[in-house]
Amino acid sequence: MIGVDILKQIVNPWHESLKNPAEAQQKVLENLLEGYAKTLYGKNHSANEIKDGSSFRANFPTINYVGLRPYLEEVKAGNHSVILPEPPLCWVMTRGSTGMSKVLPVTKTHIEQIFWCGARAITNYALRKNSMDVLAGKILNLNFPSTVTTTDAGGQKITYGYSSGTYAKLNPMLNQVSLLPRQEEIDALGSGISRLDWEKRFELVYQSALNQHVVAAIGVTPVILSFARYVKRRHGKKPKDLWNFKVLVCTSVRKIQFKYGPVLRKFFGEVPIVEMYSATEGAFAQQLDDLPYVSPNYDAYYFEVETGKGTKMLHELKRGEWGRLIISSCLFPRYDIGDMIEAMGKNYFRVFGRAKPLTILEHRLYRLFFGWFL
Amino acid sequence: MLYCHKCGSEVNEEMTFCPKCGTAIKVTETASTERYISEKAEKQEKHEKHEKEEKMEKGEPQEKHEKQQFGVLGPLIGGFILIIVGFMFYLAVSGAINVRSIFPFFLIIIGGIVILGVAIGAVMARKKNPMP
C-alpha cells in the first residue's frame, strides 16, 4: 500500500501552486528559460536575457506543430539541441483524431512530468475521498499500442507508437503493478486501430481482467465507452456487473461530465468520473474537487491564453473569459496546442474544444445567449 | 481443457485470446482469428436480434439506447414550431382568424418560444457551470 505521505508529495505542489499561481508560474518560467537557453531556438530568441513573462512573450513567438516540423526533422537527424534542452528518450505519435497525426520527441523531464502530473487526478481523488482502495486494485488498460512504426533517427532505427501506450509502458509502477493487461500484451496484438483491432484489444482486456479486483479505468473517454459497449454486446454483461469500479479517470474529449458521464454510468455503475486535461504534449490539468472543471498544473507548465483582448496569463482570466491556449513546457516554448479554454473563476477552467471556426462560433453563440446567466 | 500454443497457459473454449500472453487462440486449423471473431460477432448479433424480437413479442420494455438522450431538444422545438404553423394555417383556412393577422401573431408565438428556450437553456447552463 502506498503511504499517504508519498501521495501528498504528488498533489501538494499542485495545491500550493493553485494558492499563488503568479509565483508558481514565474518559477516555472525561470526553469524553462534555463532549458531553452541551451537550445539554438532559445538562443535565437534571446532566452538568457528574459526575466519575466512580458519579455518572454515579446521574444518568443507562438509556434504550432507545423512550425515545429523543420526543427523536429533536425532532432530526428541527431541534432536535438536545435530545439530540445535534452536528448529525446523516445518518439511518440498522437492519434490524429482532430487532424493529422503528430510525431513528437519526448525527453526524460517530460516523461517524469507526465508520470507525476498524470498521477494527480486519481491520487487527489483518493486523498480527497479518503478512499485508498482506488489505488490498491487493478486498472483497465485501454491504451493505444506503443509500437506502431519505425523511423530513422540519428542514424538509428527507432520504433515508436501512440503516446498513451508509450507513457503507460514507460511507467513501471503503472505497467508492472496495476495495468490489466500489461502494455506489452496490448502491443503484441498489432498496431492497427480499426474496429476489428480494437475488438481484439477489448477482448484481451476483458479476459485479463475477468475475476480480478478491478477498481478503475483510465484513458480516452470514447475508448472507455467503446470497451463497455463491446463487453455488453459480446458477453452480454455490462462492466458494472463484472467489476466494482471505484472511479473512472477520463480524458481527451470535451463535455465529459455532462455528455459522456450519464452514458458511462449506465455501463460502469454510479461511479465518480474524474476529468483530466492531458495530451501527448503533457498532463496539463485535472479535476480538483466535485466541480466539473479542471485546475492547471501551474507548477509544471507555463500557461498563456490568446483572448480577444490580447494574450493573458491563464490565471489572470476572469470567469467567462476564454481563448486559445498557449503552453510552454520542457519540450517547446509557447506551443500553440490548438485547444480552446474558458475560465470558470478561481482557477477552475473548462477546455471546450479545438480551435476551429465552428467550435468558436458555437461558443460565441452560447455566450451570447447564456453568458448573461452564468 | 485447451492450452495456449505460445505460453502453455490454460484457456477455455470461450476465450479468443490467451489471458496470460495475449496470443490469439487458434480455434481451427484453417479459420483465421479475424474470421472467428467476425463469425462470433455475427452469431452474437443474431442472438441479440432474436432476443429483441422475443422481448417485443412478450411486450417487455426495451433498454433505451444511450444515444437517445443526446440532442432531443432540437427535434422537439422543430416539431413544436411545425405544429404551431400548421395550427395557424388551419385557423386561417377555416376562416377563424384573419389571414393578415397571421404573421404578427406567428412572430409573437415564435418570440415566446425563443424566450422559453433561452430560459430553459439558461437553467441548464447554470447547472453545468456551477459557481466555484
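If you're wondering where the values come from, they're calculated on a predicted model, not measured in any experiment.

Teacher, can you tell me more about the overall build of chain A here?
Per the secondary structure count, chain A includes 16 helices and 16 strands. Taking 21 Å as the expected radius of gyration for a compact globule of 374 residues, we find that chain A reaches 21 Å, a close match to that expectation. When its C-alpha atoms are laid out on the principal axes, chain A stretches across 60 × 60 × 45 Å. Taken over 374 residues, chain A has a buried fraction of 56%. Long-range contacts, defined as pairs at least 24 residues apart, comprise 61% of the intrachain contacts of chain A with a sequence gap of at least 6. Distance between charge centroids for chain A: 7 Å, based on 47 positive and 34 negative side chains.

Quick question: what am I supposed to make of the packing of aromatic side chains here?
All names here are of chain A. Scanning all chains against the criterion turns up 25 aromatic pairs over all chains. For the pair Tyr 36 and Phe 60, a centre-to-centre distance of 5.9 Å together with 45 degrees between the ring planes defines the contact as tilted. Here Tyr 36, found in helix H2 (residues 21-36), pairs with Phe 60, found in the loop between helix H4 (53-59) and helix H5 (65-76); they are 24 residues apart in sequence, far enough to count as distant. For Phe 60, a relative accessible area of 0% gives the class buried. These aromatic residues form a ring-pair network of at least three members: Phe 144, Tyr 162, Trp 198, Phe 202, Tyr 206, Phe 227, Tyr 230, Trp 243, Phe 245 and Phe 268. Between the NZ or CZ atom of Arg 201 and the centre of the ring of Trp 198, over which it lies, the distance is 4.6 Å. The ring of Phe 267 has Lys 238 lying over it, and the distance from NZ or CZ to the ring centre is 5.9 Å.

I tried to follow helix H6 (residues 108-118) of chain A on my own but got confused; where do I start?
A turn of α-helix holds 3.6 residues, and therefore any two residues three or four places apart point the same way. Residue and element names in this part refer to chain A. Regarding H6, the residues found buried are His 110, Ile 111, Gln 113, Ile 114 and Cys 117. The arc that holds the buried residues of H6, viewed along the axis, is 160 degrees, so those residues lie on one side. Packing partners of the buried residues in H6 comprise strand E2 (103-106), helix H7 (120-128), helix H9 (163-170), strand E9 (273-279) and strand E10 (282-286).

I tried to follow a nonpolar patch on the surface on my own but got confused; where do I start?
All names here are of chain A. A surface patch of nonpolar side chains, about 510 Å² in accessible area, is lined by Leu 358, Leu 361, Leu 365, Leu 368 and Phe 369. Considering the arrangement of structural elements, one finds Leu 358 in helix H16 (residues 357-370). Judged by its relative accessible area of 67%, Leu 358 falls in the exposed class.

Help me out: how do you make sense of the packing of H16(A) against helix H3 (residues 102-128) of chain B in this one?
The relative placement of two packed helices comes down to the angle between their axes together with the axis-to-axis distance. The contact between H16(A) and H3(B) brings their axes to 10 Å, and the two run at 105 degrees. Viewed along their axes, H16(A) and H3(B) adopt a mutual orientation that is roughly perpendicular. Of H3(B), the residues touching H16(A) (which contributes Tyr366(A), Phe369(A) and Phe370(A)) are Val118(B), Gly121(B), Ala122(B) and Ala125(B). Across the contact of H16(A) with H3(B), the residue classes tally to six nonpolar, one polar and no charged.

Would you mind showing me how to read H3(B) here?
The end-to-end C-alpha separation of H3(B) is 38 Å, in line with the 39 Å expected for 27 residues at 1.5 Å each. Those residues of H3(B) lying buried are Ile102(B), Ile113(B), Val118(B), Gly121(B), Ala122(B) and Ala125(B).

Just to check I follow, could you spell out the pattern of salt bridges for this structure?
Opposite charge on two side chains permits them to pair, given that their charged atoms come into close proximity. Residue and element names in this part refer to chain A. Per the counting criterion, the structure on display carries 23 salt bridges over all chains. With a shortest N-O distance of 3.9 Å, Lys 27 and Glu 23 are connected by a salt bridge. Here Lys 27 pairs with Glu 23, and both are found in helix H2, just four residues apart, close to one helical turn. One salt bridge connects Asp 290 with Arg 128, and the closest N-O pair in it is separated by 3.0 Å. Separated by 162 residues along the polypeptide, Asp 290 in the loop between E10 and strand E11 (295-296) and Arg 128 in helix H7 bring together distant segments of the chain. A single salt-bridge network, built from bridges that share partners, covers Arg 195, Glu 199, Arg 233 and Arg 234.

When you look at the sheet that holds E2(A) in this model, what are you seeing that I'm missing?
Strand pairing in a sheet takes place through backbone hydrogen bonds and is either antiparallel or parallel in direction. Residues and elements named next belong to chain A. Pairing is mixed in the open sheet, where four strands are placed in the order E2-E1-E5-E4. The two strands at the open ends of the sheet, each matched to only one other strand, are E2 and strand E4 (149-153). The sheet shows a mean angle of 40 degrees between the axes of neighbouring strands, direction not considered. In the sheet, strand E1 (residues 90-93) pairs with E2 via four bridges, with the strands oriented antiparallel. Across the sheet, the residue bridging to Met 93 is Val 103, located in E2.

Would you mind going over the state of the cysteines with me for this structure?
Every disulfide links exactly two cysteines, by a covalent bond between their sulfur atoms. All names here are of chain A. Going through the model one piece at a time under the given rule, you end up with zero disulfides over all chains. Not engaged in a disulfide, the cysteine Cys 250 finds its nearest cysteine sulfur in Cys 117; these two sulfurs lie 19 Å apart. Cys 330 forms no disulfide, and the closest cysteine sulfur to it belongs to Cys 117, at a distance of 9.9 Å.

What is the right way to look at the environment of Thr150(A) in this model?
Residue and element names in this part refer to chain A. Structurally, Thr 150 is set in strand E4. You can call Thr 150 partly exposed: its relative accessible area is 46%. For the pair Thr 150 and Phe 284, spaced 134 residues apart in sequence, the C-alpha separation works out to 28 Å. Excluding residues within four positions of it along the chain, Thr 150 makes contact with Ile 158, Thr 159 and Tyr 160.

How should the pairing of E1(A) be read in this particular structure?
Regular strands have side chains that alternate between both faces of the sheet. Residue and element names in this part refer to chain A. Residues Cys 90 and Val 92 line one face of E1 and the alternating positions Trp 91 and Met 93 line the opposite face, and both faces are buried. Pairing between E1 and strand E5 (residues 156-162): two bridges, direction parallel. Looking at E5, one finds that Val 92 is bridged to Gly 161.

The rules behind each value
Residues numbered from 1 in each chain as written. Chains lettered and ligands numbered in written order. Predicted model: local features only at pLDDT ≥ 70, side-chain atom pairs only at ≥ 80, totals over all residues. Heavy atoms only, no water. Helix = DSSP H or I, 4+ residues; strand = E, 2+ residues; numbered from the N terminus. Rg over C-alpha atoms; globule rule 2.2 N^0.38 Å. Buried < 20%, exposed > 50% of the residue type's maximum accessible area, 1.4 Å probe, protein only. Contact = heavy atoms within 4.5 Å. Lys, Arg positive; Asp, Glu negative; His and termini not counted. Charge placed at Lys NZ, Arg CZ, Asp CG, Glu CD. Phe/Tyr/Trp six-rings, centres within 6.5 Å; stacked < 30°, edge-to-face > 60°. Lys NZ or Arg CZ within 6 Å of the ring centre and 35° of its normal. Arc of directions from axis to C-beta. Patch = residues over 30% accessible without salt bridge, like charges linked within 9 Å, V, L, I, M, F, W, Y side chains within 5 Å. Areas by Shrake-Rupley, 256 points an atom, 1.4 Å probe, with all protein chains shown as cover. Salt bridge = Lys/Arg side-chain N within 4 Å of Asp/Glu carboxyl O. Axes fitted to C-alpha atoms, helices over the stretch in contact; angles between N-to-C directions. Parallel < 35°, antiparallel > 145°, perpendicular 65-115°, else oblique. Nonpolar A, V, L, I, M, F, W, Y, C, P; charged D, E, K, R; others polar. Expected span 1.5 Å × (residues − 1). Pairing = 2+ DSSP bridges. Disulfide = S-S within 2.5 Å.

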